[in-house]
Amino acid sequence: MAMFRRSRAPRRACILLMAAAWLLFCTYMFHGVLDVQLNISDNAGAQEVPPTERQCSGLFASFCERHVAQYRAEAVRQGMMHAWQGYKSYAWGADEIHPKSKTAKTDIMGGAGISGMGVSMVDALSTLKVMQLDQEFKEGRDWVVDKLNFERTTTVSFFETVIRILGGLAAAHDLSGDPQLGAKAQDLADRLLPAFDSAPTGIISNTVSLPLVQPDGGSGSSGLAEMGTNVLEFSSISSITGDDKYRRAAEKPLRAVHAANEHALMFEHVDRQTALETGSKRGVGAGTDSYYEYLIKYWVLGGRSDEHFRARWEAVVDDVLRKLIVSPPGWPFSFASDLQGDSLSPVLEHLRCFFPGSVALGVMSGAVQGPKAQLYLEFAANMTLACYQLYNSTASGLGAERISFDQQSGQLVISDERYWQRPEVIESIFYMWRATKDKRWRDMGWRMWRAIEKHARWEGGYSGALDVDAVRAAAVVVPPESDDVSQSWFFAETLKYFYLLFSPDSALSLQDWVLNTEAHPLRVQSGRQRGSRAAVRLKRQ
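What counts, and where the lines are drawn
Residues numbered from 1 in each chain as written. Predicted model: local features only at pLDDT ≥ 70, side-chain atom pairs only at ≥ 80, totals over all residues. Heavy atoms only, no water. Disulfide = S-S within 2.5 Å. Buried < 20%, exposed > 50% of the residue type's maximum accessible area, 1.4 Å probe, protein only. Salt bridge = Lys/Arg side-chain N within 4 Å of Asp/Glu carboxyl O. Helix = DSSP H or I, 4+ residues; strand = E, 2+ residues; numbered from the N terminus. Pairing = 2+ DSSP bridges.

## Things to note about the state of the cysteines
Taken as a whole and judged by the stated rule, the model has two disulfides. Bridging Cys 56 to Cys 64, the disulfide has an S-S length of 2.0 Å. Sign of the S-S torsion, about -60° for the bond between Cys 56 and Cys 64, identifies this disulfide as left-handed. Here Cys 56 and Cys 64 have matching classes, each one buried. When the cysteines engaged in disulfides are numbered in sequence order, the protein chain pairs them as 1-2, 3-4.

## Side note on the pattern of salt bridges
Counting across every chain of the model gives 40 salt bridges. With a closest N to O distance of 2.7 Å, Glu 53 and Arg 450 form a salt bridge. One end of the pair, Glu 53, is in the loop between strand E2 (45-48) and helix H2 (61-90); the other, Arg 450, is in helix H15 (residues 439-455), with 397 residues separating them in the sequence. Linking Glu 518 and Arg 164 is a salt bridge whose minimum nitrogen-to-oxygen distance equals 3.9 Å. Of the two residues, Glu 518 is situated in the loop between strand E22 (513-515) and strand E23 (521-523) and Arg 164 in helix H5 (residues 158-176); the sequence distance between them amounts to 354 residues. Of the residues examined, Arg 164 reaches a relative accessible area of 1% and is grouped as buried.

## Points about the sheet that holds strand E16 (residues 343-344)
The strand order across the open sheet built from three strands is E12-E15-E16, with neighbouring strands paired in antiparallel fashion. Looking at the sheet topology across the chains shown, the edges are occupied by strand E12 (281-282) and E16. Bridge analysis of E12 against strand E15 (residues 339-340) gives two bridges, and the strand direction is antiparallel. The residue of E15 that forms the bridge with Lys 281 is Gln 340.

Following this line, the structure appears as structure tokens:
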């Protein structure tokens, strides 16, 4: 037996040697596959294929795809650095920038939203941190701590101030652990908190005044999205401070609305005194959108423990699938529309394209299981593909604000040609990638990013465009005309979603973070229960 055991020792050494040699060979081949510059031939001769454009196949396809994604993530990161440098050079401390003319813009939304709060600065902080641009984050953080002051008299949109400024400050705190950012967030929350005391239902008026909001008597109605898009941010302030009053104040109007209305899919407005819905249109688009988004995200933020919000969200999705689906003739997709009376609108606008991403998030988080989860994710894929046509159908590849479909022929018409740098399509593409790991989503996103680089980049950053289809209409090929505005949400949302699409899941775990409607990551609160991760896979269509 001893002789037999000794005879096995050289064999074991030989096996280990062969394994090491095979590992070296694979490593050599792997790097060769990834690092070789592929050549393609055309009429002009051979040309190098940039690493971001490689087509991966064969034995090492998965490794190659990972490498390509890294290059693409870095390209987006460089885009963020370019935008930040333009803002720093030409508009430091301003709310937004005119990137083509390289001048500062001193408000958002023509002054109807926020003015004089360095909105782009605050909106950029969480993206800088997620991209590990630490020096740039410190520059923005120092400005916020030293210069951002809420003591001046100004009228603001409660909704915009909460999602951009309060959410941005809370996220910057959660990502960095910086107590001064937390204190700045609490300062703003304290100034906004009295808005919930105006009506017995707790429903806010969207137009409020700083430095300290005063209760206004609670008359009139409030838009569904405006009143229902603050519970993530105020709950996060409770987490930062340990004081539950912020969360309770923001939850109160939501629970009042749910108690007063039997329909999960609601009209566009609610009465501030009674919480009853008012209006004539049901849908998930502009005016209602982020109210529905926050139902599922609040359930996730709270550790997947509050059945009330999960059940309400599920009822909404069920209603959408039963009542709102439009399937344009000749197209391989469908989408959620608006219902007015008995009529469904054939219009698809950019803002409603958040919805399939939020459905995919619910599936990934375990909000539904089994066949229903499969049904939900199939719908999310279909609608995301429909939303991609906002980009895929234009001559420039930039996203139109609105398209529509002829209900008999299915012909696609671009009905609003503006590109506003909106994030909703890339947002849903990101969630679909995380839910399915189907590389087509990354490929769609990359085509979108290439169009932005080609048509929307200026010395001072990136802008929107006035007519995304002008290239097709022109006799001579010319770039779309710039609107010369870099929206603050381009820093907060659009760039972040592009970056996360091409980054590993570990860049921002959806088990640990919830992105508010401005894509500011808020930390999931303690006591969370973990749901399934990408438990459902879709077949390729």
